[in-house]
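Descriptive analysis of the structure
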Amino acid sequence: MARQHLTDEDIQNILDGNSSQQKGDLEHHLETCKICQDHLRQYQSLYVELEKEPGFKLPRSFAKSIISKLTTQKTAPLVSPETVFVVLGILLGLGTTFYLVDMKPVVEIVRRIALPKIIIETAVFGPMKNLLSNLNTNLSLLLSAGLVMFTVAAVDRIILKLKHHKISL
Amino acid sequence: MKNAPNTNDALLIKRIRAGNQKAFQSFIEKYQRLVSHIVFRMVSNTADREDICQDIFLKVYQNVAGFRFECKMSTWIAKIAYHACINHLQKKKIPLFRNGSPEDKSFADISGENKPPDAFTEERDIASRLQAEIDKLDPPFRTILTLYHVDEMSYAEIGKIMDLPEGTVKSYLFRARKRLRERLISKYQREEIWHANI
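These remarks concern the structure in this document. Remember, predicted model here, so these are calculated numbers, not experimental data.

Within chain B, the regular secondary structure consists of nine helices and zero strands. In sequence order, the secondary structure elements of chain B are arranged as α-α-α-α-α-α-α-α-α. The proportion of buried residues among the 198 residues of chain B is 52%. Counting contacts in chain B only where the partners sit at least 6 residues apart, residues at least 24 apart contribute 69% of the total.

Below, the structure is given as structure tokens:
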């Protein structure tokens, strides 16, 4: 009895070189069946085309561009010189302002808003007030120092964020 | 079980781990073809492809210290590349399978409007016709075809790369090729196409 025509799977298995128990049968049928020979030829053509290189090629300088990217990441200073100058400028500006401007009205306003009498006299701030008065500390000096530290911390945070963004790119 | 490491690869990795950038450059040159094949098949947007390839090699560099030769170097890199492409598609909200799953309906004909711009080539010969048909398949099918036929990887290697059982890889490959043949036959003059290469 003549064998049925080869299925797509049979033909693909033959072309892929996958072993099959019926291999002999299949090959014998192929020798005599024109339909299956056509079928096989079509798949052979398809395989030839599939083995061709797809159409996307990276530029010749691709490897070098990655190496230079790695080098940039490695050698980039934590803080660029420009950033250092900006930070120094801000600090200098703030310092000069505090030195030249009479801060007493500002301090008075801050004291009224932020440190009302009721709060100062509570158990939490009471000891602080005593400590400050005992030390005879100039409040405006403390506020100035706090402001400078806050500015430095804020700028530092911005720089770190920028640095992190660069690396994650 | 660990694979016996390829001597060249083992040497390259050793030099890369020691911080030798020339070695990493040679490494990139050796594997960029494989990575570009995967990215090409997974990502249709031509503008994104080179950036993704760069990200893949940077990721390889960051993780090379942890490579233990438990598989071939090519399989490890291809896996990183494949998953980087999947992440990219997820970020862009592009589904891996157009119909949500890799069932037969994902082979359904789609109109040319979804074709990437570079697929609108003049379909003069079987090569460009076939490429246009491959572009219509879902990205995992396209990738399997290329890994098998161009990069000559086994079902097992492709399975490792794509986190699929060997049987599934084989089945996807068979279905993709069957579909390609059917599409080419139904769409174009039989004689014109099939005798072009004989």
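Next, the rest of the story.
Further remarks concern the environment of B:Leu180. Residue placement: B:Leu180 occurs in helix α8 (residues 166-187). Along the primary structure B:Leu180 and B:Gln131 are separated by 49 residues, whereas in three dimensions their C-alpha atoms are 9.9 Å apart. Not counting chain neighbours up to four residues away, the residues in contact with B:Leu180 comprise A:Leu46, A:Leu50, B:Leu130, B:Glu133, B:Ile134, B:Leu137 and B:Leu145.

What follows is about the packing of helix α3 (residues 34-50) of chain A against helix α5 (residues 126-135) of chain B. Where α3(A) meets α5(B), the closest approach of the two axes is 10 Å, and the angle between their N-to-C directions is 80°. When the axis of α3(A) is compared with that of α5(B), the two are roughly perpendicular. Residue-level contacts link A:Leu46, A:Glu49 and A:Leu50 of α3(A) to B:Ile126, B:Ala127, B:Leu130 and B:Ile134 of α5(B). For the contact of α3(A) with α5(B), the class distribution of residues is six nonpolar, no polar and one charged.

Next up on the list: the interface of chain A and chain B. Taken together, the contact pairs 35 residues of chain A with 42 residues of chain B. A buried area of about 3,800 Å², summed over both sides, lies between chain A and chain B, and 63% of it is on carbon and sulfur atoms. Sorting the residues of chain A by area buried against chain B places A:Gln42, A:Leu50 and A:Phe56 first, and these three jointly supply 18% of that buried surface. Run the count over chain A and chain B and you get three salt bridges. Taking the shortest distance from any N to any O, the salt bridge between B:Arg33 and A:Glu53 comes out at 3.1 Å.

A separate point is helix α2 (residues 21-42) of chain B. Residue and element names in this part refer to chain B. The axis of α2 is deflected most strongly, by about 45°, at Tyr31. For α2, the tally of buried residues reaches 17 of 22 residues, placing the bulk of the element in the interior. The distance from a side-chain oxygen at the start of α2 to the backbone nitrogen of Lys22 is 2.9 Å, and the residue carrying that oxygen is Asn20.

Now for the nonpolar core. The biggest cluster of nonpolar side chains holds 76 residues, and the ones touching the most others in it are B:Phe24, B:Phe27, B:Ile38, B:Ile56 and B:Trp76. Once residues lying within four places of it in the same chain are set aside, the contact partners of B:Trp76 are B:Val60, B:Asn63, B:Val64, B:Phe67 and B:Cys71.

With that settled, the discussion passes to the environment of A:Phe62. Mapped onto the elements, A:Phe62 comes out in helix α4 (residues 62-75). Look at A:Phe62 and you get buried, because its relative accessible area is 0%. Aside from chain neighbours lying at most four places away, what touches A:Phe62 is B:Ile28, B:Gln32, B:Glu50, B:Cys53, B:Gln54 and B:Phe57.

The subject of this paragraph is the packing of aromatic side chains. Summed over the entire model, instances satisfying the criterion amount to 10 aromatic pairs over all chains. With 4.8 Å between their ring centres and 40° between their planes, B:Phe67 and B:Trp76 make a pair best called tilted. The aromatic ring of A:Phe56 is capped on one face by B:Arg49, whose charged end is 5.5 Å from the ring centroid.

Conventions used here
- Residues numbered from 1 in each chain as written.
- Chains lettered and ligands numbered in written order.
- Predicted model: local features only at pLDDT ≥ 70, side-chain atom pairs only at ≥ 80, totals over all residues.
- Heavy atoms only, no water.
- Helix = DSSP H or I, 4+ residues; strand = E, 2+ residues; numbered from the N terminus.
- Buried < 20%, exposed > 50% of the residue type's maximum accessible area, 1.4 Å probe, protein only.
- Contact = heavy atoms within 4.5 Å.
- Axes fitted to C-alpha atoms, helices over the stretch in contact; angles between N-to-C directions.
- Parallel < 35°, antiparallel > 145°, perpendicular 65-115°, else oblique.
- Nonpolar A, V, L, I, M, F, W, Y, C, P; charged D, E, K, R; others polar.
- Buried area = accessible area lost by both parts, 1.4 Å probe.
- Salt bridge = Lys/Arg side-chain N within 4 Å of Asp/Glu carboxyl O.
- Bend = angle between axes of the 7 residues up to and from the residue.
- Polar contact = N/O pair within 3.5 Å; in protein donor to acceptor, adjacent residues only side chain to side chain.
- Core = buried A, V, L, I, M, F, W, Y, C linked by side-chain atoms within 4.5 Å.
- Phe/Tyr/Trp six-rings, centres within 6.5 Å; stacked < 30°, edge-to-face > 60°.
- Lys NZ or Arg CZ within 6 Å of the ring centre and 35° of its normal.

Fair warning: the whole summary comes from geometry, so function is off the table for now.
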